[in-house]
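Observations on the model geometry
Read off the chains here:
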Amino acid sequence: MTAVQVRNLSMSYQAPVRKGGLRAALGSLVRREYKTVQALDQVSFTIAPGEVAGFIGPNGAGKTTTMKILSGILHPTGGEVEVLAATPWHRRAAFLKRIAFVRGSQPVGGSQELTVMDSLEYQRILYDVPRPAFRRTLAELEVLLDLDPLLERQLRALSLGERMRVGLAMALIYRPEVLFLDEPTIGLDVSAASQIREFVAEYVEQTGATVLLTSHYMADVASLCPRLILIDHGRVAYDGPLAELSTRLSPYKLIRISARGAANPEQFGEVVEKSDGQWVLRVPRDEVAGTTARLLQALEVVDLAVEEPPLEKVIDQAYREGLR
Ligand SMILES: Nc1ncnc2c1ncn2[C@@H]1O[C@H](COP(=O)(O)OP(=O)(O)OP(=O)(O)O)[C@@H](O)[C@H]1O
């Protein structure tokens, strides 16, 4: 049983091109030139019901395009997709009521003059939510998202963090089974972002929803997603446990040591951090045991710990140096 099944998904856009200058601008009125942008190239993955998967990759990798296809906004140029056993771009009402696509960059659409409560009521009608279920879910969302102070406010007067909370409430008021979250914490301050993360975790625990989440913040994926799908130039570059990503992408580990007396740790590995009596050495994975043994023998070691490099650093290195 799968909630999301993607097979050999491809998407190419025809993007208009125009050279600079007035002449070219006038010329393009008569004859437009297009170039093909291959946003997705044979992407395949599946997500099980109740699974929370992180979907990460550098800018322009194809994440939003994938989410738009999975939520039925875009028709792909190739491949097959099934979400809850339906083809998303057929846009059947019964399917659309079971999924939600929330974008951190545009969390709430619709008339900005409406109050939050009116907008939620509008969603209730649009998604055909029975009143008792609506009241029950709203009561839960009020607590989880701290909605009370926002209900009588107009959408246009909300701050970015408040808009995101309202955007989630609007999407979840009809209790979708599959959630596509596209950068839900973009632009939020540290506590607003962590409030959103806690909320997503809580919603998943309560409802067993399936989630595909994109984010450029490793704190989001590290706290929410046991599994990561990494996409680069429209292709899947990694699909597996978050815990194994470092092993796969970074051939190094870090040895953090504190030692007494004169010590010269440079001879044991590359020193990446240094502060009185403490060093962090970057050592190839397969040399960790040997280096540790030599350090213990040569230095008066007070403390020693072997660590995975921080996820942010691993991802940064992978994006810079390429993933394939
Ligand atoms: N409507 C469009 N017309 C032409 N090209 C597009 C269109 N939308 C996206 N693209 C291109 O497709 C590629 C993938 O874009 P997409 O928005 O899916 O990337 P992304 O991984 O979500 O990036 P980001 O992290 O910057 O949001 C990019 O090269 C982008 O320029």
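Quick notes on the rules
- Residues numbered from 1 in each chain as written.
- Predicted model: local features only at pLDDT ≥ 70, side-chain atom pairs only at ≥ 80, totals over all residues.
- UniProt positions renumbered as here; feature names shortened; annotations may be inferred.
- Pairing = 2+ DSSP bridges.
- Helix = DSSP H or I, 4+ residues; strand = E, 2+ residues; numbered from the N terminus.
- Axes fitted to C-alpha atoms, helices over the stretch in contact; angles between N-to-C directions.
- Near = placed C-beta within 6 Å.
- Buried ≥ 20, exposed ≤ 12 C-beta atoms within 10 Å, placed from the backbone.

Going by what an unreviewed UniProt entry lists, the protein is known as ABC-2 type transport system ATP-binding protein and is assigned to Kribbella solani. Note on the protein: under the UniProt heading Subcellular location (unreviewed entry), the record states "Cell membrane".

What follows covers the sheet that holds strand 8 (residues 227-232). What the six strands build is an open sheet, ordered 5-6-7-3-8-9; its pairing is mixed. Of all the strands in the sheet, just strand 5 (99-103) and strand 9 (235-241) have a single pairing partner and so form its edges. Strand after strand, the sheet turns through a mean of 15 degrees between neighbouring axes, direction not considered.

Before going further, it helps to spend a moment on the site of the ligand. The immediate surroundings of the ligand are formed by Tyr 13, Ala 15, Val 37, Ala 39, Gly 57, Asn 59, Gly 60, Ala 61, Gly 62, Lys 63, Thr 64 and Thr 65. Mapped by element, the contributors of at least two residues to the shell around the ligand are strand 1 (4-17), strand 2 (33-47) and helix 2 (63-70). Of the residues forming the shell around the ligand, the biggest block, three residues, is contributed by helix 2.

Under the local residue numbering, the UniProt record ascribes the feature "domain: ABC transporter" (unreviewed entry) to residues 24-258. What you have in residues 24-258 is 39% helix and 26% strand, and the ends, taken at the C-alpha atoms, are 65 Å apart.

Another point: the pairing of strand 11 (residues 270-275). In terms of residue burial, strand 11 counts as a barely covered element, since only zero of its six residues are buried. Bridge count between strand 11 and strand 12 (residues 278-284): five bridges; the pairing is antiparallel. Pairing of Ser 275 across the sheet is with Gln 278, part of strand 12. Following strand 11, the chain reverses through two residues before pairing antiparallel with strand 12; Gly 277 in that reversal takes a positive phi of roughly 75 degrees.

Our focus in this paragraph is the sheet that holds strand 4 (residues 78-83). The strand order across the open sheet formed by three strands is 2-1-4, and the pairing between neighbours is antiparallel. The two strands at the open ends of the sheet, each matched to only one other strand, are strand 2 and strand 4. Averaged over all neighbouring strand pairs, the angle between strand axes comes to 30 degrees, with direction disregarded. With five bridges connecting them, strand 1 and strand 4 associate as antiparallel partners.

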